[in-house]
Amino acid sequence: MPVIETIKKALHLDHSSTSTPAASSSTAPSSSTAPAAATDLAVPATSITHETPAFDSKDVTVLFVLGGPGVGKGTQCANLVNDYHFVHLSAGDLLRAEQIRPDSEFGAMIKDYIKEGKIVPMEVTVKLLETAIGDALKSPPAAWAAGTSPRFLIDGFPRKMDQAHKFDDSVCASKAVLFFSCTEEVMLERLMERGKTSGREDDNKESIIKRFRTFIETSMPVVEYYRGRNRVYEIPAIGSKEDVYAKVRVAVDEILAK
Ligand code: UP5
Ligand code: MG
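Here the structure is a predicted model, which means the values were calculated and not measured.

Draft legend 1. Spotlight on the layout of surface pockets. Here the largest pocket defines a volume of roughly 890 Å³. Mapped onto the lining of the largest pocket, the elements with two or more residues apiece are α2 (73-84), β2 (87-90), α3 (91-100), α8 (184-195), α9 (205-227) and α10 (241-257). Here the lining of the largest pocket gets five residues from one element, more than from any other, and that element is α3. Across the lining of the largest pocket, the residue classes tally to twelve nonpolar, 16 polar and 13 charged.

Structure, rendered in structure tokens:
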């Protein structure tokens, strides 16, 4: 059976023709399109087959964070969590956690895709993100309870056009894209340095070169798609972490004021 069919079956996503749209008036995930049985991803009874977003962008702010491997996405997201009370969801981190979850039937597949710098089939990643957003809304950080509106940084996603459409249409319409730009030379240097201690299986030269290629061929079209819709805030990521963050703050202040 082709890998995508196997994934759809495992996630109980092979009933798309019978699903009905979810209500969008609440930030709570809809259960009206719940799959018939629990999934192996240990997620609540939501489905990504609905055509109305599970979370309303009027209530929930989603910023995508894109940029090449090692550009500093995670580093800058951590700053924004502290100062702006975002919840930071790294698609790569969610996939790595799923990869080592003992009962996961996707572990071996995810490991292979990450090592090869390829994009894991979107059904898996979108489902993990939808679940993580739902979880955060159910157990919000203190700052949200104190009045900060729910806001998410979706880091390293979407990296492919199908993911972009699926997320915007079925999870939550994104508001803007923070796009970090940098030379491959600098990114390679940062990743090789990090690779000395990170333990990441893709922090080696062979995988890094493959990741660069995937980024240019598959992920840059996503950036250009959103750029064409005036939603991209490009931030040059060369310079110190502090210098980059100063530019990030200007962009985020502008986005949140909209
Ligand atoms: N550093 C950061 N900023 C610096 C600065 N200004 N000056 C000097 N050093 C700086 O930073 C990397 C290193 O650089 C760190 O040591 C940092 O201190 C230093 P980091 O913030 O970690 O960079 P980041 O952009 O987050 O790098 P990362 O390696 O996480 O990026 P990737 O996009 O490659 O990794 P991700 O985890 O998102 O994805 C990994 C893989 O998962 C993908 O290749 C793919 O196979 C898979 N994936 C999917 O299949 N689908 C998805 O939707 C997402 C991922
Ligand atoms: Mg990262």
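Draft legend 2. Fine view of the sheet that holds strand β5 (residues 232-236). In space, the five strands of this open sheet follow the order β2-β3-β1-β4-β5, with parallel pairing throughout. Each edge of the open sheet is held by one strand with a lone partner, namely β2 and β5. If you compare each strand with its neighbour and ignore which way they point, the axes differ by 20° on average. Across four bridges, strand β1 (residues 61-67) lies against strand β4 (residues 176-181) in parallel orientation. Its bridge partner lying in β4, L63 is registered against A176. In the packing of α3 onto the sheet, the strands contacted are β2 and β3 (151-155), and the crossing angle to β2 comes to about 60°.

Draft legend 3. Broad picture of the packing of helix α5 (residues 122-138) against helix α7 (residues 161-170). Contact geometry of α5 with α7 gives a least axis separation of 10 Å together with a crossing angle of 35°. Here the hand of the crossing between α5 and α7 comes out right-handed. Note on element contacts: α7 touches α5 through D162, Q163, K166 and F167, opposite M122, T125, V126, L129 and I133. Each residue belonging to the contact of α5 with α7 can be placed in one class, and the counts come to five nonpolar, two polar and two charged.

Draft legend 4. Quick look at the pattern of salt bridges. Under the definition given, this model contains 15 salt bridges. Residue D135 is joined to K138 by a salt bridge in which the shortest nitrogen-to-oxygen separation is 3.9 Å. Residue D135 and its partner K138 are located together in helix α5, separated by three residues, close to a single helical turn. For K138, a relative accessible area of 53% corresponds to the exposed category. Taking the shortest distance from any N to any O, the salt bridge between R227 and E224 comes out at 2.9 Å. A residue pair is termed a helical-turn pair when its members lie 3 or 4 positions apart in one helix, as R227 and E224 do in helix α9 at three residues. Residue R227 is classed as partly exposed on the basis of its relative accessible area of 30%. One salt-bridge network, in which partners are shared between bridges, spans R194, R200, D202, D203 and R211.

Draft legend 5. Region of interest: the packing of aromatic side chains. Applying the stated rule across the entire model yields seven aromatic pairs. With a centroid separation of 5.3 Å and 80° between ring planes, the pair formed by W144 and F152 is classed as edge-to-face. For W144, a relative accessible area of 8% gives the class buried. Taking the relative accessible area as the measure of exposure, F152 reaches 0% and is therefore buried. Against the face of Y113 rests K118, its NZ or CZ located 4.7 Å from the ring centre. Residue placement shows R151 over the ring face of F86; its charged tip is 5.7 Å from the ring centre.

Draft legend 6. Expanded view of empty space enclosed by the protein. Under the criterion given, the structure shown has one cavity of 30 Å³ or more. Considering only enclosed or pocket space, the largest cavity measures out at about 40 Å³ in volume. Residue lining of the largest cavity: V65, L66, G67, K73, G156, R159, F215 and S219, and that is the complete set. Listing elements by their share of the lining of the largest cavity, those giving two or more residues are β1 and α9.

Draft legend 7. Focus on the side chain of Q163. Residue placement: Q163 occurs in helix α7. A polar side-chain atom of Q163 sits 2.6 Å from the main-chain amide nitrogen of R159. Once residues within four sequence positions are removed from consideration, Q163 is found in contact with I119, V120, M122, T125, F157 and P158.

Draft legend 8. How the structure looks around the site of ligand 1. Around ligand 1 sit 31 residues, and of these T75, K118, V120, R194 and R211 come closest. In this structure, K118 approaches ligand 1 through a main-chain N or O atom, which is 2.6 Å from an oxygen atom. A distance of 3.3 Å is found between a nitrogen atom of ligand 1 and a side-chain nitrogen or oxygen belonging to R190. Protein contact buries 87% of the 1,000 Å² of open area that ligand 1 shows by itself. Counting atoms within 2 Å of the grid points, the majority share of ligand 1 lands in the largest pocket.

Conventions and cut-offs
Residues numbered from 1 in each chain as written. Chains lettered and ligands numbered in written order. Predicted model: local features only at pLDDT ≥ 70, side-chain atom pairs only at ≥ 80, totals over all residues. Heavy atoms only, no water. 1 Å grid on protein atoms, 1.4 Å probe; cavity = no way out; pocket = protein on both sides within 12 Å on 5 of 7 lines; lining within 4 Å. Points joined across faces, edges and corners; volume = space filled by probe spheres on them. Helix = DSSP H or I, 4+ residues; strand = E, 2+ residues; numbered from the N terminus. Nonpolar A, V, L, I, M, F, W, Y, C, P; charged D, E, K, R; others polar. Pairing = 2+ DSSP bridges. Axes fitted to C-alpha atoms, helices over the stretch in contact; angles between N-to-C directions. Contact = heavy atoms within 4.5 Å. Left-handed = near helix turned anticlockwise from the far one by under 90°. Salt bridge = Lys/Arg side-chain N within 4 Å of Asp/Glu carboxyl O. Buried < 20%, exposed > 50% of the residue type's maximum accessible area, 1.4 Å probe, protein only. Phe/Tyr/Trp six-rings, centres within 6.5 Å; stacked < 30°, edge-to-face > 60°. Lys NZ or Arg CZ within 6 Å of the ring centre and 35° of its normal. Polar contact = N/O pair within 3.5 Å; in protein donor to acceptor, adjacent residues only side chain to side chain. Near = heavy atom within 4 Å. Areas by Shrake-Rupley, 256 points an atom, 1.4 Å probe, with all protein chains shown as cover. Sits in = over half its atoms within 2 Å of the grid points.

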